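# Structural description and commentary
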Amino acid sequence: MSQDRLIKLSCTKCKRTNYWSEKNKKKVERKIELKKFCNWCMKRTVHKESKK
Ligand SMILES: [Zn+2]
């Protein structure tokens with residue numbers, strides 16, 4: 001697993017990193033945006049990719 005392909009998924013509300021993901025090289029280079037459950041906000045929020 002290559003280090004530079006690892007991305008953080010941070011909650012856009014509290015800015016905390018909740019998930020780690022591996023970037024798929026085959027996909028087009030664009031920011032990932034996912035609705036995931038945030039343990040800090042206690043609800044589903046939009047999580048955005050952020051570089052380390
Ligand atoms: Zn949050």
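Coordinates for the structure precede this section.
On a predicted model such as this, the values are computed, not experimentally measured, just so you know. Throughout this document, residue positions are counted from 1 along each chain, in the order its sequence is written. Given that this is a predicted model, residues contribute local features only at a pLDDT of at least 70 and side-chain atom pairs are listed and counted only at 80 or more, while totals for whole chains, interfaces and linings are drawn from all residues.

This paragraph deals with unusual backbone geometry. One non-glycine residue, K15, adopts positive backbone phi at about 70°. Per the convention used, a helix needs a DSSP run of H or I reaching at least four residues, while a strand needs a run of E reaching at least two, with both numbered from the N terminus. Mapped onto the elements, K15 comes out in the loop between strand 1 (6-11) and strand 2 (17-22). To assign burial, the other C-beta atoms lying within 10 Å of each residue's own C-beta are counted, with C-beta atoms placed from the backbone; 20 or more indicates buried, 12 or fewer indicates exposed, and intermediate counts indicate partly exposed. Residue classification places K15 among the exposed positions, given that 10 C-beta atoms sit within 10 Å. For M42, which is not a glycine, the phi torsion comes out positive at approximately 60°. Along the chain, M42 turns up in the loop between strand 3 (33-38) and strand 4 (43-50).

Okay, the pairing of strand 4 next. Note on pairing: DSSP must find at least two bridges between two strands before they are called paired. In this structure, strand 1 lies alongside strand 4, joined through four bridges in antiparallel fashion. Each residue of the ladder has a partner; that of C11, found in strand 4, is H47. Alignment of strand 3 against strand 4, held across six bridges, turns out to be antiparallel. Within strand 4, the residue paired with K36 across the bridge is T45. Connecting strand 3 to the antiparallel partner strand 4 that follows it, the hairpin turn spans four residues, and M42 within it adopts a positive phi of roughly 60°.

This next bit is on the sheet that holds strand 3. A sheet is described by the order of its strands in space; here four strands give the open sequence 2-1-4-3, paired in antiparallel fashion. Strands at the two margins of the open sheet, each flanked by one partner only, are strand 2 and strand 3. Along the sheet, successive strands turn relative to each other by an average axial angle of 40°, direction set aside. The axes used here are C-alpha line fits, helices contributing only the stretch in contact, and every angle between their N-to-C directions lies in the interval 0 to 180 degrees.

To continue, consider the environment of Y19. Residue position: Y19 is located in strand 2. Judged by C-beta crowding, with 15 C-beta atoms within 10 Å, Y19 ranks as partly exposed. Spatially, the C-alpha atom of Y19 lies 9.8 Å from that of F37, the residues being 18 residues apart in sequence. We call two residues in contact when their backbone-placed C-beta atoms lie within 7 Å. Beyond its immediate chain neighbours, meaning those up to four positions away, Y19 contacts L9, K36 and H47.

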